[in-house]
There are 2 protein chains.
Amino acid sequence: MSESPRLKMEFPSLPAPATAHEQRRQQVLEAARLCFSRSGFHSTSMHQICAEAQMSPGALYRYFPSKDSIIEAIAEEERVLATACTQQLLEPGCLVERIVQVGLEYLRHTRDRATGGLTLEIWSESVRNTAVGQRFCEIEETVRAGFRRLLVDARDRGEINPDTDLDAALMLIFALADGLVLHLQLRPEIAVETIEPELRKFVHGLLAPRQPAAAVTAAGGRAG
Amino acid sequence: MSESPRLKMEFPSLPAPATAHEQRRQQVLEAARLCFSRSGFHSTSMHQICAEAQMSPGALYRYFPSKDSIIEAIAEEERVLATACTQQLLEPGCLVERIVQVGLEYLRHTRDRATGGLTLEIWSESVRNTAVGQRFCEIEETVRAGFRRLLVDARDRGEINPDTDLDAALMLIFALADGLVLHLQLRPEIAVETIEPELRKFVHGLLAPRQPAAAVTAAGGRAG
């Protein structure tokens, strides 16, 4: 797939663990993500996380004093990633096309079973409005607010349709992203790239000013 | 909101329970839906369903011999509803607009906590590929196949963009529907009707032939 260098972007990675302490901490978090995605936050015990991380309880407790502190560390990672994504949307170029590219990277990021499964578990907690669910909802609210400001600015610049109901459009964008995380989990045989042209039509149809046919074709020619 | 009678439709209801036996059976299913959406399929016991339905185990077992038979009955209801929805898409009129209307009705149907919560639980089973998950995936596959035939016919008639990648478009439609079920659960203060105009832009942007501006405006004028 050809792609203009201007549109090339990489999904923000968390900083590489610098020290042995940080490496071991990441090892615990990775094990915890796996356990949570398999059995849920509530049913997972510290004992199971120790077994998955191949660490003794004594060793693990040096990194995290409780299951809650592990969940909080995962939430903090999500927050850092989400903030970095919003930053990528701020970079120069056509906002509509950047939304498509950040969306594709988000879908690649959640493709593996542990991350995708954990995402489902977070939704479940959020709908049940537990303390864990509320924590992740706060993060989403921050992302949504940042995204909304971007759309307001883009509307003022005439880059998106002035009639757009921004809150409804944001709901559709977030809903499509989450729905695609689910459906890509259900159909592991489908490559994320397969849906790129239709995803572009969706974002253009939703946000681009009227007479978008030429713009869509141009974007498709650049990156599709 | 004004709406042309031609576009008026009602989400297919299950037949009203005709007999006392059927009424009691429905009472068990309703209780089971509530329990499953709160605690999941695995953690819910027949004892909890009895308590929720205010029935003795002896009485309940006359209707359902096992938890599996309750889950199968719920799956069968979903299958009947899904088939009726596909039928509604077959009725005359603009297919793109019918998709919008059936979509809105589906979202109204999954709005209540029990149905919405149960939907999340079904996704979780589907991603974990359990027997229950596989059962619901089969139903979705049937709906998807019916929907796909409709899109092929509409493409042959020139009603949708001939360049549409039908499988990718179907994935986006199903993903958006499921993502909206989730986000409407998370934001109970938002009315389904609020998102109708943006939903219409999405479906038109995705499927309508190029030069869709006039068609979108006309549809908006009829039903928006």
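None of the values given here were measured: they were computed from a predicted structure. (Residues numbered from 1 in each chain as written. Chains lettered and ligands numbered in written order. Predicted model: local features only at pLDDT ≥ 70, side-chain atom pairs only at ≥ 80, totals over all residues. Heavy atoms only, no water.)

1. Comments concerning the confidence of the model for chain A
Segments scoring low in pLDDT should not have their predicted coordinates read at a detailed level.
Residue and element names in this part refer to chain A.
Inference 1: Here chain A averages 85 in pLDDT, while 86% of its residues score no lower than 70.
Inference 2: Here residues 1–9 is a poorly scored stretch, pLDDT under 50, and it has 25 contacts once near neighbours within four places are set aside; other chains count.
Inference 3: Note that pLDDT drops below 50 for residues 212–224; the model gives that stretch 25 contacts with residues more than four away or on any other chain.
Inference 4: Two numbers describe this predicted complex: its pTM, 0.84, and its ipTM, 0.83. (pLDDT = per-residue confidence, 0-100. Contact = heavy atoms within 4.5 Å.)

2. Some thoughts on the environment of Gly158 of chain A
Inference 1: Take Gly158 of chain A: it is sitting in the loop between helix H7 (131–156) and helix H8 (166–186).
Inference 2: With 51 residues separating them in the primary sequence, Gly158 of chain A and Pro209 of chain A have C-alpha atoms 7.7 Å apart. (Helix = DSSP H or I, 4+ residues; strand = E, 2+ residues; numbered from the N terminus.)

3. Considering the domain arrangement of chain A
All names here are of chain A.
Inference 1: On domain assignment, one finds that chain A holds domain 1 (15–65) and domain 2 (70–211).
Inference 2: Computed over C-alpha atoms, the centres of domain 1 and domain 2 are 27 Å apart.
Inference 3: Residue-level contacts link 15 residues of domain 1 with 16 residues of domain 2.
Inference 4: Between domain 1 and domain 2, roughly 1,300 Å² of surface is buried when both sides are summed, and carbon and sulfur atoms account for 71% of that area.
Inference 5: At the junction of domain 1 with domain 2, the criterion picks out two salt bridges.
Inference 6: The salt bridge partner of Glu78 is Arg33, with a shortest N-O separation of 3.6 Å.
Inference 7: A per-element tally of the side of domain 1 that touches domain 2 places helix H1 (residues 20–43) first, with 12 residues. (Domains from an automatic or database assignment. Buried area = accessible area lost by both parts, 1.4 Å probe. Salt bridge = Lys/Arg side-chain N within 4 Å of Asp/Glu carboxyl O.)

4. So, empty space enclosed by the protein
Residue and element names in this part refer to chain A.
Inference 1: Enumeration over the complete set of coordinates arrives at two cavities of 30 Å³ or more.
Inference 2: Volume-wise, the largest cavity comes out at about 870 Å³.
Inference 3: Taken together, 38 residues form the lining of the largest cavity, with Tyr106, Val143, Phe174, Ala177 and Asp178 sitting closest to its centre.
Inference 4: When contributions to the lining of the largest cavity are tallied by element, the ones reaching two or more residues are helix H4 (67–90), helix H5 (95–109), helix H6 (113–127), H7, H8 and helix H9 (196–207).
Inference 5: A total of seven residues in the lining of the largest cavity trace back to one element, the largest contributor, which is H5.
Inference 6: Looking at side-chain class alone, the lining of the largest cavity contains 27 nonpolar, seven polar and four charged residues. (1 Å grid on protein atoms, 1.4 Å probe; cavity = no way out; pocket = protein on both sides within 12 Å on 5 of 7 lines; lining within 4 Å. Points joined across faces, edges and corners; volume = space filled by probe spheres on them. Nonpolar A, V, L, I, M, F, W, Y, C, P; charged D, E, K, R; others polar.)

5. Focus: the relation of the copies chain B and chain A
Inference 1: Superposition of chain B onto chain A requires a rotation of 180° combined with a translation of 0.0 Å along the rotation axis, giving an RMSD of 0.0 Å. The superposition operator between the copies reduces to a two-fold rotation axis. (Least-squares fit on C-alpha atoms with pLDDT ≥ 70 in both.)

6. Let's talk about the interface of chain B and chain A
Interfaces are often sized by the accessible area lost when the parts come together.
Inference 1: Taken together, the 48 residues of chain B in the interface contact 48 residues of chain A.
Inference 2: Between chain B and chain A, the buried area comes to about 3,900 Å², and carbon and sulfur atoms account for 68% of it.
Inference 3: Taken as a group, Val127, Met171 and Glu198 of chain B account for 18% of the area that chain B buries against chain A, more than any other trio of residues on that side.
Inference 4: Put simply, chain B and chain A have four salt bridges between them.

7. Let's talk about unusual backbone geometry
Inference 1: In this model, Asn129 of chain A sits at a positive phi of 55°, which is unusual for a non-glycine residue.
Inference 2: With respect to the helices and strands, Asn129 of chain A occurs in the loop between H6 and H7.
Inference 3: With a relative accessible area of 48%, Asn129 of chain A lands in the partly exposed category.
Inference 4: One non-glycine residue with positive phi stands out, namely Gln54 of chain B, at about 55°.
Inference 5: With respect to the helices and strands, the residue Gln54 of chain B is situated in the loop between helix H2 (46–53) and helix H3 (57–63).
Inference 6: Note on Gln54 of chain B: relative accessible area 72%, which makes it exposed. (Buried < 20%, exposed > 50% of the residue type's maximum accessible area, 1.4 Å probe, protein only.)

8. Quick notes on the UniProt feature "domain: HTH tetR-type" (unreviewed entry) in chain A
Inference 1: Annotation from UniProt places "domain: HTH tetR-type" (unreviewed entry) at residues 22–82 of chain A.
Inference 2: Each end of residues 22–82 of chain A is marked by a C-alpha atom, and these two atoms are 21 Å apart; helix forms 87% of the span and strand 0%. (UniProt positions renumbered as here; feature names shortened; annotations may be inferred.)

9. Observations concerning the packing of helix H6 (residues 113–127) of chain B against helix H8 (residues 166–186) of chain B
All names here are of chain B.
Inference 1: At their nearest, the axes of H6 and H8 sit 10 Å apart, and the two run at 130° to each other. It follows from the interaxial angle that H6 and H8 lie oblique. The handedness of the crossing between H6 and H8 is left-handed. For the pair H6 and H8, the contacting residues are Arg113, Gly116, Gly117, Thr119, Leu120 and Trp123 in the first and Asp178, Val181, Leu182 and Gln185 in the second. (Axes fitted to C-alpha atoms, helices over the stretch in contact; angles between N-to-C directions. Parallel < 35°, antiparallel > 145°, perpendicular 65-115°, else oblique. Left-handed = near helix turned anticlockwise from the far one by under 90°.)

10. So, the nonpolar core
Inference 1: By size, the foremost hydrophobic cluster in this structure holds 134 residues, and its most contacted members are Ile70, Phe202 and Leu207 of chain A together with Ile70, Phe202 and Leu207 of chain B.
Inference 2: In this view, Leu207 of chain A contacts Val96, Ile99, Leu151, Ile160, Asn161, Thr164, Ala169 and Ile173 of chain A; residues no more than four positions away in its chain are not counted. (Core = buried A, V, L, I, M, F, W, Y, C linked by side-chain atoms within 4.5 Å.)

11. Let's talk about the packing of H1 of chain A against H6 of chain A
Residues and elements named next belong to chain A.
Inference 1: Look at H1 against H6: their axes get within 7 Å of each other, and the N-to-C directions meet at 25°. Here H1 is positioned roughly parallel relative to H6, judged by the angle of their axes. Crossing of H1 over H6 shows left-handed handedness. The residues of H6 that touch H1, namely those facing Arg33, Leu34, Phe36, Ser37, Gly40, Phe41 and His42, are Arg113, Ala114, Gly117, Leu118, Glu121, Ile122 and Glu125.

12. Quick word on the pattern of salt bridges
Inference 1: One pass over the full model with this rule turns up 40 salt bridges over all chains.
Inference 2: When the shortest N-O distance is used, the salt bridge between Arg187 of chain A and Glu189 of chain A registers 3.8 Å.
Inference 3: Of the residues examined, Glu189 of chain A reaches a relative accessible area of 59% and is grouped as exposed.
Inference 4: Each of Glu140, Glu141 and Arg144 of chain A together with Arg187 and Glu189 of chain B takes part in one network of salt bridges that share partners.

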